[in-house]
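Structure at a glance
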Amino acid sequence: MRKFQRIAVLGLAAAMAIGTAAGCTNTSSSSSAAASSAASSAAASSADSSATEDETTAAEEPTTPANTITGDASAADAFVVWGWNDDIKKILDNVYAADKADNYARIVFVNSGGSDNYQTKIDELLKDTSAELYPDLMGLEIDYVQKYVQGSNLLSMADLGITDDDLKDQYEFNAVVCSKDGTTSAASQYASFWQATPGAWCLRADLCEKYLGTTDPAELQEMLKDWTAVEATAAKLAEASNGNCRLLSGWDDLNRVFTNNRKTGWYDDNDNIVIDDQVKAYFEEAKLFADKNWTFGTTQWAADWYTMMDGTGVEDAKSALAYTGCPWFQYWCLSGSWKGQTITVAGPQSFYWGGTGLAATVGCADKELAADIIKYFTCDAESMEKIAMFNCDFINNETANAYLLENSETIITDKENNLALASGNGLMYSQNYIKVYNDILTGMTVDTSVVKPEDKQINDTLSTYVKEYIASGDYDSAIGNLKAYIHDTFSYLNIAD
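Residues numbered from 1 in each chain as written. Predicted model: local features only at pLDDT ≥ 70, side-chain atom pairs only at ≥ 80, totals over all residues. Heavy atoms only, no water.

1. Structural notes on the overall build of the protein
Quick reminder of the rule: The way it works is that DSSP assigns letters per residue, a run of H or I at least four long becomes a helix, a run of E at least two long becomes a strand, and they are numbered from the N terminus. Partly exposed describes any residue whose relative accessible area lies between the buried limit of under 20% and the exposed limit of over 50%, with all areas from a 1.4 Å probe on protein chains only and scaled to the type maximum. Computed with a 1.4 Å probe, the accessible areas rest on the Shrake-Rupley method; for each residue, only the protein chains presented here act as cover.
The secondary structure content of the protein amounts to 23 helices and eleven strands. Counting over 497 residues, the protein shows a buried share of 55%. A total of about 20800 Å² of accessible surface is found on the protein, and carbon and sulfur atoms cover 48% of it.

2. Side note on the sheet that holds strand E9 (residues 322-325)
Consider a sheet: its strands pair through backbone hydrogen bonds, and that pairing is either parallel or antiparallel. Formally: Two strands form a pair only when DSSP identifies at least two bridges running between them. Only C-alpha atoms enter the line fits that serve as axes; for helices the fit covers just the stretch in contact. Angles between N-to-C directions range over 0 to 180 degrees. The criterion used for residue contact is that any of the two residues' heavy atoms lie within 4.5 Å.
Spatial ordering of the open sheet is given by E9-E6-E10, a layout of three strands whose pairing is antiparallel. The open sheet has two edge strands, E9 and strand E10 (342-345), and neither has a second partner. Within the sheet, the average angular offset between the axes of one strand and its neighbour, ignoring direction, is 30 degrees. Pairing between strand E6 (residues 200-204) and E9: four bridges, direction antiparallel. Note that in E9 the partner of Leu203 across the bridge is Ala322. Along the sheet, helix H21 (residues 433-442) makes contact with E6 and E10, crossing E10 at roughly 20 degrees.

3. Regarding the side chain of Thr197
Spelled out, the test is: Between N or O atoms, a polar contact is any pair within 3.5 Å; within protein, one atom must be a potential hydrogen donor and the other a potential acceptor, and residues adjacent in sequence are included only when both atoms are from side chains.
Among the structural elements, Thr197 can be located in the loop between strand E5 (192-193) and E6. The buried category is assigned to Thr197, whose relative accessible area is 1%. For Thr197, the side chain forms a polar contact with the main-chain oxygen of Gly354, separated by 2.6 Å. Thr197 has contacts with Phe173, Cys326, Pro327, Trp328, Phe351, Tyr352, Trp353, Gly354 and Gly355, leaving out every residue within four places of it along the chain.

4. Points about the packing of helix H22 (residues 455-472) against helix H23 (residues 475-489)
How two helices sit against one another is set out by the angle between their axes and by the gap between those axes. Put simply, the rule is: For classification purposes, an angle smaller than 35 degrees is called roughly parallel, one larger than 145 roughly antiparallel, one from 65 to 115 roughly perpendicular, and anything else oblique. For a crossing to be left-handed, the near helix must be turned anticlockwise from the far one by less than a right angle; the clockwise case is right-handed. Residue polarity is assigned by list, with Asp, Glu, Lys and Arg as charged and Ala, Val, Leu, Ile, Met, Phe, Trp, Tyr, Cys and Pro as nonpolar; anything else, Gly included, falls into the polar class.
Relative to each other, H22 and H23 sit at 155 degrees, their axes nearing to 9 Å. By the angle between their directions, the pair H22 and H23 is classed as roughly antiparallel. Every pair of crossing elements has a handedness; the one defined by H22 and H23 is right-handed. On the side of H22, the interface is formed by Gln457, Ile458, Thr461, Leu462, Tyr465, Glu468 and Tyr469, while H23 contributes Tyr475, Ser477, Ala478, Asn481, Leu482, Tyr485 and Ile486. For the contact of H22 with H23, a count of residues per class yields nine nonpolar, four polar and one charged.

5. Focus: unusual backbone geometry
Of note, the phi angle at Asn242 is positive, near 55 degrees, even though the residue is not glycine. Relative accessible area serves as the criterion here: at 68%, Asn242 is assigned to the exposed category.

6. Considerations on the nonpolar core
Generally speaking, soluble globular proteins have nonpolar side chains that are buried together. Definition in use: In this description, a nonpolar core means a group of buried Ala, Val, Leu, Ile, Met, Phe, Trp, Tyr and Cys residues linked to one another through side-chain atoms lying within 4.5 Å.
Of all hydrophobic cores here, the largest spans 98 residues; its most connected members are Phe329, Ile373 and Phe377. At seven residues, the largest contribution of residues to this core is made by helix H17 (residues 367-378). In this structure Ile373 touches Phe79, Leu92, Tyr96, Ile107, Leu137 and Leu358, once residues within four positions along its chain are discounted. Counting residues in each nonpolar core, the second largest holds 53 residues, with Leu247, Tyr267, Val279 and Phe490 among its members.

7. Considering the pattern of salt bridges
What counts, and what does not: Within this document, salt bridges are pairs made up of a side-chain nitrogen of Lys or Arg and a carboxyl oxygen of Asp or Glu, the two lying within 4 Å of each other.
For the structure on display, the rule yields 18 salt bridges. Residues Lys168 and Asp165 are paired through a salt bridge, measuring 3.8 Å at the closest nitrogen-oxygen approach. For Lys168, a relative accessible area of 52% translates into the label exposed. For Lys375, the salt bridge is made with Asp166, and the minimal N-O distance between the two is 3.9 Å. Placement of Lys375 in helix H17 and of Asp166 in the loop between helix H8 (145-149) and helix H9 (172-177) is noted, with a sequence separation of 209 residues between them. Shared partners join several salt bridges into a network, and the residues in it are Asp77, Arg106 and Asp366.

8. Section: the confidence of the model for the protein
For clarity, the cut-off: Per-residue confidence from the predictor is reported as pLDDT, a score between 0 and 100.
Across the protein, the average pLDDT comes to 89, with 86% of residues at or above 70. Here residues 18-23 is a poorly scored stretch, pLDDT under 50, and it has eleven contacts once near neighbours within four places are set aside; other chains count. Of the regions scoring below 50 in pLDDT, residues 25-59 engages in eight contacts with residues more than four places distant in sequence or in other chains.

9. What to know about the pairing of strand E4 (residues 137-141)
Where burial is concerned, most of E4 is hidden: five out of the five residues are buried. Neither face of E4 is exposed, since Leu137, Gly139 and Glu141 on one face and Met138 and Leu140 on the opposite face are all buried. Bridge count between strand E2 (residues 79-83) and E4: two bridges; the pairing is parallel. If you follow Trp82 over to E4, its bridge partner there is Met138. Pairing between E4 and strand E11 (residues 356-360): five bridges, direction antiparallel. Looking at the pairing, Leu140 lines up with Gly357 of E11.

10. Examining the pairing of E11
Taken across its five residues, E11 has five buried, putting it largely inside the fold. Burial of E11 is two-sided: the residues Thr356, Leu358 and Ala360 facing one way and the residues Gly357 and Ala359 facing the other way are all buried. Strand direction decides the pairing type here: E5 and E11, joined by two bridges, are antiparallel. Along E11, the bridge assignment pairs Phe193 with Gly357.

11. Focus: helix H12 (residues 227-240)
Test applied: Expected helix span is taken as 1.5 Å per residue step, with the number of steps being one fewer than the number of residues. The arc in question is traced by the directions running from the helix axis to the C-beta atoms.
With 14 residues, H12 extends 20 Å between its outermost C-alpha atoms, agreeing within 8% with the 20 Å of an ideal straight helix rising 1.5 Å per residue. Within the span of H12, buried status applies to Trp227, Ala229, Val230, Thr233, Ala234, Leu237 and Ala238. The arc enclosing the buried residues of H12, seen along the axis, measures out at 160 degrees, which places them on a common side. In H12, the exposed residues that point more than 90 degrees away from the buried face are Thr228 and Glu239. Packing partners of the buried residues in H12 comprise E6, helix H10 (205-211), helix H11 (217-223), strand E7 (245-246), helix H13 (255-259) and helix H14 (277-291). Regarding H12, its N-cap is Asp226, as a side-chain oxygen of that residue lies 3.2 Å from the backbone nitrogen of Thr228 further along. Backbone geometry just downstream of H12 places Asn242 in the positive-phi region, at approximately 55 degrees.

Structure (structure tokens):
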């Protein structure tokens with residue numbers, strides 16, 4: 001199958017994808033409002049029967065949010081940077097600007113208004129390099145970076161004058177996922193990440209003390225060291241709390257733990273769909289957790305999923321003891337109830353979750369400026385230390401992280417920010433945030449060479465078929481339907497058996 005056909009199908013699949021959140025915005029609060037009004041809406045439906053079909057259809061159609069543009073895109077020297085939220089902009093505004101004022105003055109930042117519409121907007125613009133808002137530089141997320149790396153719209157790091165030596169301190173798993181051929185050379189790397197995102201289990205200390213009898217991270221890791229231990233701990237917790245405190249909020253909290261530890265991609269070299277053993281393990285573990293009522297059955301990012309962060313683990317205030325996460329998850333998603341209460345452990349197996357990088361396009365108006373921004377965000381240890389101290393990121397640079405770890409409880413340049421970094425912005429119960437994630441990453445064994453351009457669409461839909469298996473108990477049927485979905489979405493992928 002020729003590459004251009006794959007890219008066309010990928011673009012269509014991205015345009016059709018709806019409703020899946022890629023980060024922890026608080027828009028999910030609208031879900032509970034919708035749920036609570038469902039009964040009254042149904043009762044009122046007959047009274048509203050006079051509404052025209054056109055009005056009903058219009059009301060149900062999702063609205064694409066408008067772009068938020070900062071800067072003058074019509075300026076002769078405008079340099080356009082795209083993101084799906086303001087994460088990149090905040091670093092540009094608060095860190096890059098102080099060191100690179102002249103370059104910063106040229107930047108036009110476009111916030112697409114959310115991750116759900118980002119690829120659709122970007123894909124349309126990439127067709128026309130003369131468009132005023134054509135991205136010179138754009139943010140990419142790890143789940144779909146390969147879609148663009150394997151396409152024809154990006155420049156390699158080497159094209160920008162960025163060298164192997166510039167990239168030498170990046171973690172291998174992040175370099176490989178940005179590579180066209182699986183190597184870590186500048187010539188094969190078409191994006192570059194500033195975040196490193198080792199996966200972890202975040203536990204609430206007060207609930208651990210109450211129901212597991214300890215807040216010692218080593219003892220808690222022992223309770224989660226493998227899946228047999230995880231299951232025993234989940235059973236113990238449910239029994240000790242009379243079901244008021246459960247290990248996880250929902251079984252789909254296990255998704256990334258398994259899917260981001262796969263040893264094979266979603267298809268082989270012959271384009272035959274492959275179901276990795278880790279996918280099979282996710283189906284089985286999720287069903288066990290559901291059958292045993294070791295979770296509250298919530299759906300990740302839904303309002304009740306967030307609610308389970310805040311209870312005290314008693315009858316009228318039920319709570320989850322753990323959430324699977326990573327560095328950005330901790331500082332962006334965990335609620336105030338976790339402030340000073342977060343214990344972070346590696347759990348039963350390695351995984352990663354998310355991460356944001358930058359890529360320059362073939363129509364980039366200024367390669368030198370693109371290279372400067374990419375090197376500042378993702379290569380230079382000193383500037384990356386500043387980023388970490390600004391926003392609590394765990395960064396994609398071994399030298400910078402070693403320095404931050406060594407100095408994490410002393411003054412570097414800004415005592416307040418540095419101590420905030422050591423405490424994970426005040427979240428950590430007793431651990432050093434930098435040391436915890438450095439240790440987890442050091443022991444992490446993942447293979448990002450298996451990531452495919454189609455991963456995001458497949459991974460986002462996977463839990464639909466896990467849910468089917470939980471309800472029916474028919475594994476073969478659920479897997480068969482998953483394969484059918486993959487083939488129907490990406491017609492060049494074959495069902496071989």
